[in-house]
Amino acid sequence: MKGYWIANVTITNEQNYAGYQALAPEAFRKYDAHFLARGGQNQALEGRTTPERTVIIEFPSYQQALDCYHSEEYRKARGAREGAAEVDIVIVEGL
């Protein structure tokens, strides 16, 4: 079964966020990630307020989605993002 990251992101420091954007693609390539949504228009209809960006990333499997998040490559990217964005990430298994 495929795995998906669903991330809600509000960037608080564009300059520092650029460090994350430079590092994260390495992890995504390694784990064969495919972006289904990255930013663009979105609207919260129930619950929380609308985040600045909603990102949906598809992986070949749930395990690969988890492995990518816990990988050394993504750990470096997360470190670069620290203090530059408010991020919620949920990893879900597809149908």
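Within every chain, residues take consecutive numbers counted from 1 along the sequence as written. Predicted model: local features are reported for residues with pLDDT of at least 70 only, side-chain atom pairs are reported and counted for 80 or more only, and whole-chain, interface and lining totals are derived from all residues. Side-chain measures were taken over the full set of non-hydrogen atoms in the model, leaving aside hydrogen atoms and water.

Novice: Would you mind going over unusual backbone geometry in detail, with residue names and values included?
Specialist: Despite not being glycine, D32 has its phi angle at roughly 55°, a positive value. Positionally, D32 belongs in the loop between α1 (14–30) and β2 (34–38). Partly exposed residues are those whose accessible area sits between 20% and 50% of the maximum for their type, while under 20% is buried and over 50% is exposed, using a 1.4 Å probe and protein chains only. Using a relative accessible area of 39% as the deciding quantity, one classes D32 as partly exposed. Strands are runs of DSSP state E lasting at least two residues, helices are runs of H or I lasting at least four, and both sets are numbered from the N terminus onward.

Novice: So what's going on with the sheet that holds strand β4 (residues 85–93)? Residues and values would help.
Specialist: In space, the 4 strands of this open sheet follow the order β2-β3-β1-β4, with antiparallel pairing throughout. One side of each edge strand has no neighbouring strand; the edge strands of this open sheet are β2 and β4. Strand-to-strand twist in this sheet, taken as the mean axis angle between neighbours without regard to direction, amounts to 15°. Relative to strand β3 (residues 53–59), strand β1 (residues 3–11) runs antiparallel, the two being bridged by 7 bridges. Bridged to I6 within β3 is I56. The contact rule is simple, with two residues in contact once any of their heavy atoms fall within 4.5 Å. Structural elements are reduced to axes, namely lines fitted to C-alpha atoms, with helices fitted over the stretch in contact, and the angle between N-to-C directions of any two is expressed from 0 to 180 degrees. Where α1 meets the sheet, its contacts fall on β1, β2, β3 and β4, and the angle it forms with β1 comes to roughly 170°. Relative to β4, helix α2 (residues 62–70) is tilted by about 155°, and along the sheet it contacts β1, β3 and β4. Between any two strands, at least two bridges found by DSSP are needed for them to pair.

Novice: So what about the packing of aromatic side chains? Which residues, and what values?
Specialist: Side-chain rings of Phe, Tyr and Trp, where Trp is taken by its six-membered ring, are said to pair if the distance between their centres is within 6.5 Å; with planes under 30 degrees apart they count as stacked, over 60 as edge-to-face, and otherwise as tilted. Summed over the entire model, instances satisfying the criterion amount to 9 aromatic pairs. Here the aromatic rings of F28 and Y74 are separated by 5.8 Å at their centres, their planes lie at 45°, and the arrangement is tilted. One end of the pair, F28, is in helix α1; the other, Y74, is in helix α3 (residues 72–81), with 46 residues separating them in the sequence. Within the aromatic cluster, the residues linked to one another by ring pairs are W5, Y17, Y20, F28, F35, F59, Y69 and Y74. A cation over an aromatic ring shows up here: R38 above the ring of F35, its NZ or CZ 3.7 Å from the ring centre. Positioned over the ring face of Y69 is R78, at 4.5 Å from the centre of the ring. In this scheme, Lys NZ or Arg CZ marks a charge over a ring once it lies within 6 Å of the ring centre and within 35 degrees of the ring normal.

Taken by themselves, the reported measurements are silent on function.
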